[in-house]
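Now for the letters of each chain:
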Amino acid sequence: MKAPAASTLAWSALALSIVVTTAGWSLAALNVGTPIPDELGDVSAGGDALLLLGILPFSVVGALIAARRPDNRIGFLFLATGVGGALGITATHYAIYAYFTDPGSLAGARWAAWLQVAAISVVVPIFIFVPLLFPDGALPSRRWRPVAWLGLAALVLFLLGSLAPGPIPGFDVPNPAGIPGFDVTDLAWLPLLLASLGSIAAVVVRFRRSRGDERQQLKWFAFAAAMLLAYFWAINILVTEAGISPAWQVPLFLGIGALPVATGIAILKYRLYDIDVVIRKTVVAGVMAAFITLVYAGFVVGVGTMVGTGGNAVLSVVATATVALAFQPVRMRARQLADRLVYGKRATPYEVLSAFTDRMGDAYASEDVLPRMARILAEGSGASRAEVWLRSGAELRRASSFPAEEPVAPLRLRGGVLPTIDDASLVVAVRHQGELLGALSVTKPPSDPISPAEEALVADLAAQAGLVLSNAALIEDLRSSRQRLVAAQDQERRRLERNLHDGAQQQLVALAVRLRLVESLIAKDPQGAIEMVREIGSETGDALENLRDLARGIYPPLLADQGLVAALEAQARKAPVPVTVDADGIGRYPEDVEAAVYFSCLEALQNVAKYAHASSASVHLSDRDGLTFEVRDDGGGFDVSAASLGSGLQGIVDRVAAIGGTIDVRSAPGRGTTVAGHMPVDRV
């Protein structure tokens, strides 16, 4: 059915249901106080008015589902249940009014009496299809078709049975639609029973196979159905033979209406609610209520019957003390039972840590380590979301989460203190050898706060995760440094090309043009040609100097010929800020080491000129268990813990790390900056 037609049909059926329900309420009000024959069972004006209120949600939810999801047959099944149930109850009170309240006042009383039988005969088999088709409106598979055929057979047999001749029960009037040979109602009970069992089995099979969102949908439906069945069971045990009092009827009919509401939530809005917490707390409350009831019944009723009524006060005190002493142990057992029913078998903290150690010890790819850690954390703590955060410089970056989510902006670290993570119930730092490497965070709903055992589990897992995050950080740094080196090489090639094109190439082109002019002037103007040759010589020297400057940027000849001290002193004389170079026992080192130190010092001096606002700077070189350099300035400085490395400092770190060295940046506001590096190499 197309969406516009389905929407029109759905809202029309809802309007019909509201009209019929309103008529039923009016007739039930008119029938208050009218004696009703016992053959009509538990029919009463007040009870049926409440029942109409409980049935109306079937029509409302059915219309919403049919209008929004026309391919889901459950919407139309609910509409049929709501309209059929309202018609049956309204027809019953129409016939009661016509035969007992004001006999002979209404026309068509016999047809109303028949309609109430026919409507109920159709509604019950129709509802059998709901659990069979829930939640997507389709059978679990083709193998479940026999169950649907049994339900359809029961529906047809009940409908044909309503056409059987004979008196209508409760009204003692002949069936106006009676057809001889249609008394087949007794044949409908067996297929109805088999179809009912098959529908329940379908829900169980779907739940065992389901994952994620579908399992949440099935939990909503199963929770509402279980609550309704439990209430029916309680009524059968606790209600006296006098019948169901209004005090019992109200929650019963509210439970009937809750079933379509829960189903509608599951189909349309299941992502907005956490049914697991609702089920868990309901199970705990039910177990505790049953425990308290049994204790009081055992002491006050059971023991009191044996010892007589004189000791009831003492027995009440004993029962109260027993409940008080056993309350917490029973509550813990009830929570364990609820967790087992809702979440299945959960691993103990020891099993979680053991599984974490085993899995992290295997040779998983680096992309698998952190997602596996997040999943183990979520499954062990029962969290709705678990996250693994990795430190990157002065930032905290979410490296993985379970369930997987879109990336979020990094969080800024202030003085090595973990920042606040939105919605997180618990955040635990991960450290290795005293160094902050990241954090683990878990999120649970406010209605299900994290327990001390779960908090201890997260802390223990964080203690075990230090080496894992350390390795992950090293891999990430290696990957990032490779990307930065490739980008720097590309940028350097473009810079060389630009400098060659805009500098020496243009000068050489101009020289070639002027040489051709000299050739034309030799015969006409020898003196002018001589002057132009002199200018060409000067310009050739400029072009040569430009090429030399460009060569120094690649690898300065002075560095290759005379070493670090001479090369750095030559650059210090050209710096815009006064720079002193101090060398302590410096010799010659491998070319790649000298080049790394030279360009690192130049980059640091460029940062001083651009950002430090310094009046002077110094470069100190020494040979202490390898080559060490320091570039100091007296500028404004900055907070190292709160600022990330810029492209210049990051380039120094990458360049030095490529040959096995380390960089340390020391600075504070108003106290200048020191960039220190160390290369564990020997002299040549």
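Quick caveat: nothing in here was measured; it's all calculated off a predicted structure.

Reading the values: the criteria
The written sequence of each chain sets the order in which its residues are numbered from 1. Whole-chain, interface and lining totals are the exception, using all residues; otherwise, since this is a predicted model, local features are given only for residues with pLDDT of at least 70 and side-chain atom pairs are given and counted only at 80 or more. Heavy atoms throughout the structure, all of them, feed into the side-chain values; hydrogens and water do not. A run of H or I in DSSP becomes a helix once it reaches four residues, and a run of E becomes a strand once it reaches two; helices and strands are each numbered from the N terminus. The accessible surface values rely on the Shrake-Rupley method and a 1.4 Å probe; as for residues, cover is taken only from the protein chains in view. Any two residues whose heavy atoms approach within 4.5 Å at even a single point are treated as in contact. Only buried Ala, Val, Leu, Ile, Met, Phe, Trp, Tyr and Cys residues count toward a nonpolar core, and they belong to the same one when joined by side-chain atoms within 4.5 Å. Exposed residues in this analysis have more than 50% of their type's maximum accessible area, buried residues have under 20%, and partly exposed residues fall in between, with area computed by a 1.4 Å probe over protein chains only. Two strands qualify as a pair provided DSSP detects at least 2 bridges between them. Note on geometry: axes are lines fitted to C-alpha atoms, helical ones only across the stretch in contact, with angles between N-to-C directions running from 0 to 180 degrees. Put simply, two rings from Phe, Tyr or Trp (the six-membered ring, in Trp's case) pair if the centres are within 6.5 Å, and we call them stacked under 30 degrees between planes, edge-to-face over 60, tilted for the rest. In what follows, roughly perpendicular refers to angles from 65 to 115 degrees, roughly parallel to angles under 35, roughly antiparallel to angles over 145, and oblique to any angle outside these ranges. Amino acid classes used here: Ala, Val, Leu, Ile, Met, Phe, Trp, Tyr, Cys and Pro are nonpolar; Asp, Glu, Lys and Arg are charged; the rest, including Gly, are polar. Scored from 0 to 100, pLDDT records how confident the predictor is in each individual residue. Left-handed describes a crossing whose near helix is turned anticlockwise from the far helix through less than a right angle; right-handed describes the clockwise counterpart.

Here's the deal with the overall build of the chain
- Scanning the chain from terminus to terminus reveals 19 helices and 12 strands.
- Summing over all exposed atoms, the chain offers an accessible surface of approximately 36700 Å²; the carbon and sulfur share of this is 61%.

Quick word on the environment of Gly46
- When you line up the elements, Gly46 lands in helix α2 (residues 45-68).
- Gly46 sits 17 residues away from Ala29 along the chain, and the two C-alpha atoms are 7.8 Å apart.

Concerning the environment of Arg110
- Secondary-structure assignment places Arg110 in helix α4 (residues 109-133).
- With 58 residues separating them along the chain, Arg110 and Ile168 place their C-alpha atoms 8.7 Å apart.
- Excluding residues that lie within four positions of it along the chain, Arg110 makes contacts with Tyr99, Ile168, Val173, Pro174 and Pro176.

Observations concerning the environment of Val518
- Along the polypeptide, Val518 turns up in helix α14 (residues 466-524).
- Note: C-alpha distance between Val518 and Gly528 (10 residues apart in sequence) is 8.3 Å.
- Sequence-distant contacts of Val518, that is, excluding residues within four places in its chain, are made with Ala529, Met532, Val533 and Ile536.

Topic: the nonpolar core
- By size, the foremost hydrophobic cluster in this structure holds 32 residues, and its most contacted members are Val597, Tyr598 and Val619.
- Elements represented by at least two residues in this core include exactly α17 (564-574), α18 (591-612), β9 (617-623), β10 (627-633), α19 (647-657) and β12 (673-679).
- Here this core takes 11 residues from α18, the largest share from any one element.
- Not counting residues within four places of it along the chain, the set of residues in contact with Tyr598 comprises Pro556, Leu559, Leu564, Ala567, Leu568 and Gln571.

Observations regarding the pairing of strand β6 (residues 426-432)
- As judged from the 7 bridges shared by β6 and strand β7 (residues 435-443), these two strands associate in the antiparallel manner. Within β7, the position partnered with His432 by the bridge is Glu435.

A look at the sheet that holds strand β3 (residues 385-392)
- The strand order β5-β4-β3-β7-β6 describes an open sheet built from 5 strands, whose pairing is antiparallel. In this open sheet, the two strands that pair with only one neighbour each are β5 (411-412) and β6.
- As judged from the 6 bridges shared by β3 and β7, these two strands associate in the antiparallel manner. Note that in β7 the partner of Glu387 across the bridge is Ser441.
- Contacts from helix α13 (residues 452-464) reach β6 and β7, with the element oriented near 25° to β6.

As for the packing of aromatic side chains
- Scanning the model with the defined rule gives 6 aromatic pairs in all.
- For the pair Trp111 and Trp114, a centre-to-centre distance of 5.8 Å together with 85° between the ring planes defines the contact as edge-to-face. Note that Trp111 and Trp114 are positioned in helix α4 at a spacing of 3 residues, about one turn of the helix.
- On the basis of relative accessibility, which here comes to 46%, the residue Trp111 falls in the partly exposed class.
- Residue classification places Trp114 among the buried residues on the basis of a relative accessible area of 18%.
- Relative to Trp189, the ring of Phe158 lies with its centre 5.1 Å away and its plane at 90°, an arrangement referred to as edge-to-face. Linking Phe158 in helix α5 (residues 145-161) with Trp189 in helix α6 (residues 185-209), this pair joins segments that are 31 residues apart in sequence.

Some thoughts on the sheet that holds β10
- The 5 strands lie next to each other as β8-β9-β10-β12-β11, forming an open sheet whose pairing is mixed. Looking at the sheet topology across the chains shown, the edges are occupied by β8 (579-584) and β11 (662-667). Pairs of neighbouring strands in the sheet enclose a mean axial angle of 10°, with direction left out of account.
- Note that β8 and β9 share 6 bridges and pair parallel. Following the sheet pairing, Thr580 is matched in β9 by Ser618.
- Each of β8, β9 and β10 is contacted by α17, which is oriented at about 170° to β8, the strand it contacts most.
- Where α18 meets the sheet, it contacts β8, β9, β10 and β12, and its direction lies at approximately 10° from that of β10.

Here's the deal with the packing of α4 against α5
- Where α4 meets α5, the closest approach of the two axes is 8 Å, and the angle between their N-to-C directions is 170°. Taken together, the axes of α4 and α5 are roughly antiparallel relative to one another. Between α4, through Ser121, Val122, Pro125, Ile126, Phe129 and Leu132, and α5, the contact on the second element is made entirely by Val147, Ala148, Gly151, Leu152, Ala154, Leu155, Phe158 and Leu159.
- A per-class count over the contact of α4 with α5 returns 12 nonpolar, 2 polar and no charged.

What about unusual backbone geometry?
- In this structure, Pro403 follows Phe402 across a cis peptide bond, with omega equal to -5°.
- Looking at the element boundaries, Pro403 is found in the loop between β4 (395-402) and β5.
- Even without glycine at this site, His613 takes up a positive phi of about 55°.
- With respect to the helices and strands, His613 occurs in the loop between α18 and β9.
- For His613, a relative accessible area of 73% corresponds to the exposed category.

Let's talk about the confidence of the model for the chain
- Averaged over the chain, the pLDDT score is 76; the fraction of residues at 70 or greater is 71%.
- Element-level pLDDT for the chain is lowest in helix α11 (residues 349-361), with a mean of 56, against a maximum mean of 92 in β10.

Some remarks on the packing of helix α3 (residues 74-101) against α4
- Following both chains from N to C, one finds α3 and α4 inclined at 155°, their axes separated by 7 Å at the closest point. In terms of their interaxial angle, α3 and α4 are classed as roughly antiparallel. The crossing of α3 and α4 is left-handed.
- Here the residues of the contact of α3 with α4 sort into 21 nonpolar, 6 polar and 1 charged.

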